[in-house]
2 protein chains.
Amino acid sequence: MKLTFLGTGTSIGVPAIGCNCEVCLSQDPKDKRLRSSAMLETDGGLRVLIDCGPDFRQQIMRYNRQGKTPFFDKIDAVLFTHIHYDHVGGTDDLRPFAWFGDVDIYAQKDVIDGLHQTMPYCFKEQLYPGVPHLKLHQIRAGRPFTVRRPYESTVEVFEGGATLQGIMRDKREQRIIPPALDELEILPIRVMHGNLPILGFRIGKFAYITDMKYMEDEDAQMLQGIETLVINALRFKKEHHSHQLVNDAIEFAHKVGARKTYFIHLTHDIGTHDWANSQLPDGFEFAFDGQVIEC
Amino acid sequence: MKLTFLGTGTSIGVPAIGCNCEVCLSQDPKDKRLRSSAMLETDGGLRVLIDCGPDFRQQIMRYNRQGKTPFFDKIDAVLFTHIHYDHVGGTDDLRPFAWFGDVDIYAQKDVIDGLHQTMPYCFKEQLYPGVPHLKLHQIRAGRPFTVRRPYESTVEVFEGGATLQGIMRDKREQRIIPPALDELEILPIRVMHGNLPILGFRIGKFAYITDMKYMEDEDAQMLQGIETLVINALRFKKEHHSHQLVNDAIEFAHKVGARKTYFIHLTHDIGTHDWANSQLPDGFEFAFDGQVIEC
């Protein structure tokens, strides 16, 4: 399984608008952190997006560009950790992915209610042309669910756009979506983001947790046996009411026994990426945008 | 007065996610169109943002980068044309601008109601730390209002971030905001976006209109005497239920007597920027992201 960090920044990203600190002015691409989000791909071909923040369009444009053309394939599941803008603000930009069928979104009830409130135009009986077709699945902490794509399907994708001379391509292309060769059992785990119960996700020996301030012991037990942990660590010092700091995250990773831990949801306060990484003990890394890890 | 096009693209931007047409693959920066938005600056120093779509963070990061540090100054008014995601989706990212005082937003009642629905966390009595402080002003088509900044004020801006070695800058800086030397009378004008009445804005001899399908004659009369018109023109052909095409926009510009017209809210269907521009009659241009015009 492979995880690509689409974004590793805190709610305002790095650089922060209006900030002229040395980190925000750094030209190192690793110091450019879009809002936290990640894409998980199984060996069998399933694709799971974790969170869809306001930078989603930028992120998906850069994703997987080894090929000739930008990435555009079925996303089998979108997992939402919580309803805050920096985690759901790009949901509207999922709409092209609805060419492959409804976009399956998995979230807690409060997030589902929130999406109905913030994107009412997506949940009417008669949808305005072009709005994203979203299928919301309610999930609960502690209750695993399975993402699969067992059958081949054929979809018709609209080939819009034009040649350099403006000759419009007004045709449709048939695309075959092969079945995925595996399936993914996902365990949602309760995470406390200040007073707000949100979700982290365990998938096999991997877990993804963001915006955590603390986790109750009984929930943390569900993480026993993981090898790779992605977890939020806002900055080294200066406590925050709803986010843990680097030391908290290190302690937590030790507690659940992770072998390798990557930090996300980072502020400019950590210093530059390379320096910040040099401060961490073995087995810990600050993630950076575009980084790909096996997990 | 100076207008900077922050974005000139249609609701999904150009390139379109998933599109591999020649326009979307073009490497010409003029063929990269973020969602439509513009910044107006008066000679006397007032700054007015028109729409704040999902690309606002990217747009403001690039804006006005001639100086050493990124732009960060008071925005005196944000004008919203309508509530659709591609025009208001970045409102949360206005939050750093609240360091200069509440962010003044001018919009129709349906937009104000919509913002209360989509951003409920911004309008509670007790605001969560860090949410944008927005002050909503209800405006109506045909009733002019004035934007001004008559007095000098001093604000305390938080100097966050860190040095390259992660030494945090935990201090505040006093910033003096000088008074603006002029004021701006803005006339909202009813524009029909399909069946939805939205707003365009006339400011002196300049007007900004987006997402128009048509305008009633009595409203169009309010545009008599303008010199510079910015207006939407989706593509050359293939009718759209709520957006006019290039020929409609040319006809409209002639009708209201604009001397110079710039097209925005463009799709990949128009072809590449340079080719598309070569197809227009004198006095008409497709705008591009980052273009600055006097108006």
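Residues numbered from 1 in each chain as written. Chains lettered and ligands numbered in written order. Predicted model: local features only at pLDDT ≥ 70, side-chain atom pairs only at ≥ 80, totals over all residues.

Participant: Quick one: what's the story with the overall build of chain A, residue by residue and with numbers?
Facilitator: Counting secondary structure elements, chain A contains 7 helices and 16 strands. Since a compact globule built from 295 residues should have a radius of gyration of about 19 Å, the 19 Å found for chain A is in line with a globular shape. Projected onto the principal axes, the alpha-carbon positions of chain A cover approximately 55 × 45 × 35 Å. (Helix = DSSP H or I, 4+ residues; strand = E, 2+ residues; numbered from the N terminus. Rg over C-alpha atoms; globule rule 2.2 N^0.38 Å.)

Participant: Give a detailed account of the sheet that holds strand E16 (residues 292-294) of chain B, specifying residues and quantitative values.
Facilitator: The strands that make up a sheet are held in pairs by hydrogen bonds between backbone atoms, and each pair lies either parallel or antiparallel. Residues and elements named next belong to chain B. Read from one edge of the open sheet, 7 strands run E6-E5-E4-E3-E2-E1-E16, paired in mixed fashion. Bordering the open sheet on either side are strand E6 (134-138) and E16, each of which pairs with just one other strand. Between one strand and the next, the sheet's axes are offset by a mean angle of 25°, whatever the strand orientation. The pairing of strand E3 (residues 47-50) with strand E4 (residues 77-79) spans 3 bridges and is parallel. From the neighbouring strand, Val48 faces E4, where its bridge partner is Ala77. Each of strand E5 (103-107) and E6 touches helix H4 (residues 109-118); the most contacted strand, E6, lies at about 155° to it. (Pairing = 2+ DSSP bridges. Axes fitted to C-alpha atoms, helices over the stretch in contact; angles between N-to-C directions. Contact = placed C-beta atoms within 7 Å.)

Participant: Tell me what's going on with helix H6 (residues 246-256) of chain B, and back it up with residues and numbers.
Facilitator: Residues and elements named next belong to chain B. Taken as a whole, H6 has its buried residues at Val246, Ala249, Phe252, Ala253 and Val256. Seen end-on, H6 carries its buried residues on one side only, within an arc spanning 125°. Pointing more than 90 degrees away from the buried face of H6 are the exposed residues Asn247 and Glu251. Elements that come into contact with the buried residues of H6 comprise helix H5 (217-220), strand E13 (228-232) and strand E14 (260-264). Gly257 occupies a position one or two residues after H6 and carries a positive phi of about 80°. (Buried ≥ 20, exposed ≤ 12 C-beta atoms within 10 Å, placed from the backbone. Arc of directions from axis to C-beta.)

Participant: Describe the sheet that holds strand E16 (residues 292-294) of chain A, naming the residues involved and giving the relevant values.
Facilitator: Residues and elements named next belong to chain A. As summarised here, the arrangement of the 7 strands in space is E6-E5-E4-E3-E2-E1-E16, forming an open sheet in which the pairing is mixed. The outermost strands of the open sheet, each flanked by one partner alone, are strand E6 (134-138) and E16. Geometrically, the sheet is characterised by an average inter-axis angle of 25° between neighbouring strands, direction not taken into account. Two elements, strand E5 (residues 103-107) and E6, share 5 bridges in a ladder whose sense is parallel. Looking at E6, one finds that Val103 is bridged to Leu134. Helix-sheet contacts for helix H4 (residues 109-118) involve E5 and E6, and the interaxial angle to E6 is about 150°.

Participant: With reference to specific residues and values, describe H4(A).
Facilitator: Among the residues of H4(A), A:Val111, A:Leu115 and A:Thr118 are the ones counted as buried. For H4(A), the angular spread of buried residues about the axis comes to 75°, placing them on one side. Of the residues in H4(A), the exposed ones pointing more than 90 degrees away from the buried face are A:Lys109 and A:His116. Tucked inside the fold, the buried residues of H4(A) contact helix H3 (85-88), E5 and E6 of chain A together with H4 of chain B.

Participant: Describe the nonpolar core, naming the residues involved and giving the relevant values.
Facilitator: Within the largest apolar cluster, 85 residues are counted, with the highest numbers of intra-cluster contacts made by B:Val48, B:Val78, B:Leu79, B:Phe201, B:Ile231 and B:Phe263. Looking at this core element by element, the count peaks at 5 residues for H6(B). When sequence neighbours within four positions are dropped, the list of residues in contact with B:Ile231 reads B:Ile209, B:Met212, B:Ala249, B:Phe252, B:Ala253, B:Thr261 and B:Phe263. One finds A:Leu49, A:Ile203, A:Tyr208 and B:Ala162 within the second-largest nonpolar core, a separate group that totals 84 residues. (Core = buried A, V, L, I, M, F, W, Y, C linked by C-beta atoms within 7 Å.)

Participant: Pulling in residues and values, what's your account of the interface of chain A and chain B?
Facilitator: Between chain A and chain B, the contact holds 44 residues from the first and 43 residues from the second. Among the elements that line the side of chain A that touches chain B, the one with the most residues is helix H2 (residues 56-62) of chain A, at 4 residues. Classifying every residue of the side of chain A that touches chain B by side-chain character gives 19 nonpolar, 17 polar and 8 charged. (Nonpolar A, V, L, I, M, F, W, Y, C, P; charged D, E, K, R; others polar.)

Participant: Please give an account of the relation of the copies chain A and chain B that cites residues and values.
Facilitator: Superposition of chain A onto chain B requires a rotation of 180° combined with a translation of 0.0 Å along the rotation axis, giving an RMSD of 0.0 Å. Read as a symmetry element, the transformation amounts to a two-fold axis. Relative to the rotation axis, the C-alpha of A:Thr118 is the closest in chain A, positioned 2.0 Å from it. Comparing contact sets, 98% of the residues at the interface of chain A also lie at the interface in chain B, consistent with an isologous, same-surface contact. (Least-squares fit on C-alpha atoms with pLDDT ≥ 70 in both.)

Participant: Quick one: what's the story with the pairing of strand E1 (residues 2-7) of chain A, residue by residue and with numbers?
Facilitator: Residue and element names in this part refer to chain A. Note that E1 and E16 share 3 bridges and pair antiparallel. The residue bridging Leu3 from the neighbouring strand is Ile293, located in E16. One ladder, built from 5 bridges, connects E1 with strand E2 (residues 37-41); its direction is antiparallel. Residue pairing in the sheet places Thr4 in a bridge with Met39 of E2.

Participant: Tell me about the environment of A:Leu94, and name the residues and values.
Facilitator: Residue and element names in this part refer to chain A. Turning to its location among the elements, Leu94 is positioned in the loop between H3 and E5. It is 8.4 Å that separates the C-alpha atoms of Leu94 and Cys52, two residues lying 42 residues apart in sequence. Setting aside residues no more than four positions away along its own chain, Leu94 makes contact with Cys52, Val78, Val103 and Pro132.

Participant: Kindly report on unusual backbone geometry, identifying the contributing residues and their values.
Facilitator: Residue and element names in this part refer to chain A. Omega for the peptide link from Val14 to Pro15 comes to 0°, which places this bond in the cis form. Position of Pro15 among the secondary structure elements: in the loop between E1 and helix H1 (22-25). The residue Asp211 is not glycine, and still its phi comes out positive at about 60°. With respect to the element layout, Asp211 can be found in the loop between strand E12 (206-209) and helix H5 (217-220).

Participant: Go over the environment of B:Tyr128 with me, naming the residues and quoting the values.
Facilitator: For B:Tyr128, the location among the structural elements is in the loop between H4 and E6. A residue is classified by how many C-beta atoms lie within 10 Å of it, and B:Tyr128, with 12 of them, is exposed.

Participant: Break down the confidence of the model for chain A for me, citing the residues and quoting the values.
Facilitator: Taken as a whole, chain A shows an average pLDDT of 94; of its residues, 99% reach a score of 70 or greater. Taken over the whole predicted complex, pTM reads 0.96, whereas the ipTM for its chain interfaces reads 0.95. (pLDDT = per-residue confidence, 0-100.)

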